[in-house]
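If you want the building blocks of each chain, they are given just below.
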Amino acid sequence: MSAVPHGDPGSPFPPIADYGFLSDCETCALIAPSGNVEWMCLPRFDSPSVFGSMLDRDAGGFRLGPAGVTVPGAVRYLPGTVVLETSWETRTGWVVVRDVLCIGPWYHQDERSRTHRRSPTDYDADHVLLRTAFCVQGWAEIHLDCEPVFDYGGLAAEWAYTGPGYSEATAGSEGMELKLRLVTDMNLGFEGPRARARTILHEGESVFAALGWSEHPLPTTYAEANERLVRTAHHWQEWLKQGTFPDHPWRTFLQRSALTLKGLSYAPTGAMVAAATTSLPETVGGERNWDYRYTWIRDSTFMLWALYTLGFDWEANDFFYFVADLAEAEEGELQIMYGIGGESRLDEHELDHLSGYGGARPVRIGNGAYRQRQHDVWGAVLDSIYLHTRSRDQLPDRLWPIIKRQVAGALEHWREPDRGIWEVRGEPQHFTSSKLTCWVAADRGARLAQLRDDSEWAERWHAAAAEIHADICEHGVDGRGAFTQHYDTDALDASLLLAPLVRFLPPDDPRIVATVLAIADELTEDGLVLRYRVGETDDGLTGEEGSFTICSFWLVSALSEIGELARARALCEKLISHASALGLYAEEIDPRTGRHLGNFPQAFTHLALINAVMHVIRAERGEPDPASAIATVRR
């Protein structure tokens, strides 16, 4: 099937924002409005896809829904859950389909898990994608079409019956260890690589289909299937109750962001994927297509701030110790990113056999940026430790060697150029934000040394922080008094919105105010913030890109910091209006059309939303700001 450019009315690819997101905290599924599962990687977020029609219409899909209709009447999450409900109106009746990645009890009672490195809880992923259909009025013909294509659309499935009748089957492919099991109360048949079934549902009748990929048992009746769906819904609702959310009209956006972040976390290790997908384009039909199914060290502090702010200390602790384990194992030489199991090699490859979303190529798996040197890694780790320590009023002895190595790395390299926070593939530069995060490393290291009553290290690192601070103020500010992208340009960069959030200078400092207002006025399109102007930045790529939604949320926080509350609220309202119908965000928003671009859903965006919304709410209520995106104290 030939691809049609994204945005064309004839395109077979749904808009990115129209997908529903499911998770069991080990893998995820993205479901198109048609009811087709168009992205699912097994058994982990970063495994090869089994259903990949989001990147090529022939790369596999799985639909359970009414025949003859592909546009639903409504799509929503069951309140407080990651259970998707789609309502369908047909010519003859109404049908409700519910989809869920099931979560069940802890299974490893007689043996230890081969993947879990964090403390076990009372629940675990079921490794089951469950779909139910219920006719609420009239009657409707229901179709099941399941066509997995293993290894990113490269290997067709071979189906075989496993039970005495027509309700159980397995799918595999030569050379693949992964086997799929499909159980349903419909009668299955095979058409080559596709399993199919159809039935008529009358009012009050229902069917189910369960797809599994482990030894865990599958439901065999609708009653059992519905019990698992309800159990999973209750699990999400009980989890959400642990949070602390303000009584505010934006509460539901905070809750959906929290659920999404939990859904993007990998429970066995505590890692968080940056996004659920790979190669969704940042530029329509362009080459800015990256694999985000990994965990970035820089996300650590933002993740911890968001989780601690909302009261999810257990998840914050798991993610913190994932990062701490890496820092300990790497003896200070941390990469900028890792696999969700802690893997250090993320070699980048192009999948030439896939057409790409809307024709955007290349399709990439792996991410070559893991080899880059980016100086923000040390500041992220140090600020994470500082934030974690303040949440517990203690500094574990285990962390002190990590602190010393990370500060040493920042002080050894801060004078050198790097690739910057945006991982440019052009020439290294003296990026101001990179120097800023090296200052964070030294500053937080000094504060942590003070907590240990270690005056020698505290004085040494305070002096180093002062040196970096002076260098930035001397070389990173232009003639109008605003911070610049790097030392050899007057170009603006949205990463400098972090300056007031890390408490580099007081929020009323003229340089902070000038930077925030310059970005708000000059680095925006229709009010939405760009990372930088591509014509002013050597990023090694061609084409334009949309506004980066995280940067727009950063601007909300920064405007709140400098006292521009009316502008902050107006921008926050605008950004919230751009959320998908399910409250989700991709990486970018096209300012001209409002379309979402880039990988989806994007953890960084939801982290920044929590930060921005809480900034505005606290400012409006006159509450003190106990934390920021990176720091928790004012200088």
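Just so we're clear, the structure is a prediction, and the values are computed from it rather than from any experiment.

Thresholds applied
- Residues numbered from 1 in each chain as written.
- Predicted model: local features only at pLDDT ≥ 70, side-chain atom pairs only at ≥ 80, totals over all residues.
- Heavy atoms only, no water.
- Helix = DSSP H or I, 4+ residues; strand = E, 2+ residues; numbered from the N terminus.
- Rg over C-alpha atoms; globule rule 2.2 N^0.38 Å.
- Buried < 20%, exposed > 50% of the residue type's maximum accessible area, 1.4 Å probe, protein only.
- Contact = heavy atoms within 4.5 Å.
- Areas by Shrake-Rupley, 256 points an atom, 1.4 Å probe, with all protein chains shown as cover.
- Lys, Arg positive; Asp, Glu negative; His and termini not counted.
- Charge placed at Lys NZ, Arg CZ, Asp CG, Glu CD.
- Expected span 1.5 Å × (residues − 1).
- Arc of directions from axis to C-beta.
- Axes fitted to C-alpha atoms, helices over the stretch in contact; angles between N-to-C directions.
- Parallel < 35°, antiparallel > 145°, perpendicular 65-115°, else oblique.
- Left-handed = near helix turned anticlockwise from the far one by under 90°.
- Nonpolar A, V, L, I, M, F, W, Y, C, P; charged D, E, K, R; others polar.
- 1 Å grid on protein atoms, 1.4 Å probe; cavity = no way out; pocket = protein on both sides within 12 Å on 5 of 7 lines; lining within 4 Å.
- Points joined across faces, edges and corners; volume = space filled by probe spheres on them.
- Pairing = 2+ DSSP bridges.
- pLDDT = per-residue confidence, 0-100.
- Disulfide = S-S within 2.5 Å.
- Core = buried A, V, L, I, M, F, W, Y, C linked by side-chain atoms within 4.5 Å.
- Phe/Tyr/Trp six-rings, centres within 6.5 Å; stacked < 30°, edge-to-face > 60°.
- Lys NZ or Arg CZ within 6 Å of the ring centre and 35° of its normal.

Peer 1: Can you walk me through the overall build of the protein in this structure?
Peer 2: In terms of helices and strands, the protein carries 14 helices and 27 strands. For 635 residues, the compact-globule formula gives about 26 Å, and the C-alpha radius of gyration of the protein, at 25 Å, lands near that figure. With the principal axes as the frame, the protein shows a C-alpha extent of 75 × 55 × 50 Å. Here the protein, with 635 residues, has 64% of them falling under the buried criterion. Contacts in the protein between residues far apart in sequence, at least 24 positions, make up 67% of those at least 6 positions apart. A total of about 22900 Å² of accessible surface is found on the protein, and carbon and sulfur atoms cover 48% of it. Side-chain charges of the protein comprise 57 positive and 91 negative groups, with the mean position of each set lying 2 Å from the other.

Peer 1: Help me understand helix α13 (residues 565-577) in this model?
Peer 2: Because each turn of an α-helix spans 3.6 residues, side chains separated by three or four positions end up pointing in the same direction. End to end, α13 covers 18 Å across 13 residues, agreeing with the expected 18 Å (1.5 Å per residue, within 8%). Taken together, the buried positions of α13 are Ala 568, Leu 571, Cys 572, Leu 575 and Ile 576. Considered in projection along α13, the buried side chains sweep an arc of 135° and stay on one side of the axis. Away from its buried face, by an angle of more than 90 degrees, α13 presents the exposed residues Ala 566 and Ser 577. Among the structural elements, α3 (251-263), β24 (528-529), α12 (549-561) and α14 (603-621) are those in contact with the buried residues of α13.

Peer 1: Explain the packing of helix α4 (residues 299-310) against helix α5 (residues 313-330) to me, please; I cannot follow it from the model alone.
Peer 2: When two helices pack together, their arrangement is given by the angle between the helix axes and by the axis-to-axis distance. Running from amino to carboxyl end, α4 crosses α5 at an angle of 165°, the nearest separation of the two axes being 8 Å. In terms of their interaxial angle, α4 and α5 are classed as roughly antiparallel. Crossing of α4 against α5: the hand is left-handed. Facing α4, whose interface residues are Asp 299, Ser 300, Met 303, Leu 304, Leu 307 and Tyr 308, α5 presents Asp 313, Glu 315, Ala 316, Phe 319, Phe 320 and Val 323. When its residues are assigned to classes, the contact of α4 with α5 shows 8 nonpolar, 1 polar and 3 charged.

Peer 1: Would you explain empty space enclosed by the protein in this entry?
Peer 2: Leftover empty space is mapped by rolling, across the atoms, a probe with the size of a water molecule. Under the criterion given, the structure shown has 5 cavities of 30 Å³ or more. Taken together, 25 residues form the lining of the largest cavity, with Tyr 292, Trp 422, Glu 423, Arg 531 and Glu 587 sitting closest to its centre. For the lining of the largest cavity, the class distribution of residues is 12 nonpolar, 3 polar and 10 charged. Its volume calculated, the second largest cavity comes out at about 280 Å³. Breaking the lining of the second largest cavity down by element, the ones donating at least two residues are β9 (123-147), β17 (265-266), α4 and α5.

Peer 1: Would you explain the packing of α4 against helix α6 (residues 376-392) in this entry?
Peer 2: One can describe the packing of α4 onto α6 by two numbers: an axis separation of 8 Å at closest approach and a directional angle of 20°. As summarised for this structure, α4 and α6 are arranged roughly parallel, according to the angle between their axes. In this structure, the crossing between α4 and α6 has a hand that is left-handed. Here α4 contributes Ser 300, Thr 301, Leu 304, Trp 305 and Tyr 308 to the contact with α6, which in turn contributes Ala 380, Asp 383, Ser 384, Leu 387, His 388, Ser 391 and Arg 392. Grouping the constituent residues of the contact of α4 with α6 by class yields 5 nonpolar, 5 polar and 2 charged.

Peer 1: What is the right way to read the pairing of strand β5 (residues 61-66) from this model?
Peer 2: Two faces, one strand: in a regular strand the side chains alternate between the faces of the sheet. By the criterion of burial, β5 is predominantly enclosed, with 6 of the 6 residues buried. Pairing geometry for β5 and β9, over 6 bridges, is antiparallel. Looking at β9, one finds that Leu 64 is bridged to Leu 144.

Peer 1: Could you clarify how one ought to interpret the sheet that holds strand β27 (residues 596-597) in this entry?
Peer 2: Reading across the sheet, the 3 strands line up as β25-β26-β27 and stay open at both edges, with antiparallel pairing between neighbours. Of all strands in the sheet, those with a lone pairing partner are β25 (547-548) and β27, marking the two edges.

Peer 1: Can you walk me through the environment of Asp 318 in this structure?
Peer 2: By secondary structure assignment, the location of Asp 318 is in helix α5. According to the relative accessible area criterion, Asp 318 is buried, its value standing at 14%. Separated by 199 residues in the primary sequence, Asp 318 and Ser 119 have C-alpha atoms spaced 8.3 Å apart.

Peer 1: Which parts of the structure should I look at to understand the confidence of the model for the protein?
Peer 2: Any segment with low pLDDT has predicted coordinates that should not be analysed in fine detail. Averaged over every residue, the pLDDT of the protein is 91; residues scoring 70 or more account for 94%. Throughout residues 1-7 the model reports pLDDT below 50, and contacts reaching past four residues in sequence, or to other chains, amount to 21 contacts. Considering only residues more than four positions removed or in separate chains, one finds that residues 627-635, a stretch of pLDDT under 50, has 41 contacts.

Peer 1: Would you take a moment to explain the state of the cysteines for this structure?
Peer 2: Any covalent bond linking the sulfur atoms of two cysteines counts as a disulfide. Enumeration over the complete set of coordinates arrives at 0 disulfides. In this structure Cys 25 is not part of a disulfide, and its nearest cysteine sulfur, from Cys 28, lies 11 Å away. Residue Cys 25 is classed as buried on the basis of its relative accessible area, which comes to 5%. Not part of a disulfide, Cys 102 finds its nearest cysteine sulfur in Cys 25, a span of 13 Å.

Peer 1: What exactly am I supposed to notice about the nonpolar core here?
Peer 2: Side chains that are nonpolar tend, in soluble globular proteins, to be buried together. Grouped together as the largest cluster of nonpolar side chains are 193 residues, with contacts concentrated most on Phe 62, Leu 144, Leu 182 and Trp 554. With 11 residues, the top contributor of residues to this core is α14. Each residue touching Leu 144, except ones within four places of it in the same chain, is listed here: Phe 62, Arg 63, Leu 64, Leu 182, Thr 184, Met 186, Leu 188, Ala 195, Arg 196, Ala 197 and Ala 209.

Peer 1: Looking at this structure, how should I read the packing of aromatic side chains?
Peer 2: Under the definition given, this model contains 20 aromatic pairs. With a centroid separation of 5.5 Å and 70° between ring planes, the pair formed by Tyr 292 and Trp 296 is classed as edge-to-face. In terms of burial, Tyr 292 and Trp 296 fall into one category: buried. Look at Trp 457 and Trp 461: their rings are 5.0 Å apart centre to centre, the planes differ by 40°, and that puts the pair in the tilted class. Remark: Trp 461 and Trp 457 occur in helix α9 (residues 455-475); sequence separation between them is 4 residues, near one turn of the helix. Note on Trp 461: relative accessible area 2%, which makes it buried. Through successive ring pairs, a cluster of aromatic residues spans Phe 302, Trp 422, Phe 548, Trp 554 and Phe 604. When the ring centre of Phe 13 is taken as reference, the NZ or CZ atom of Arg 57 above it lies at 5.0 Å. Here the guanidinium or amino end of Arg 460 rests over the ring plane of Trp 457, the centre of that ring lying 4.2 Å away.

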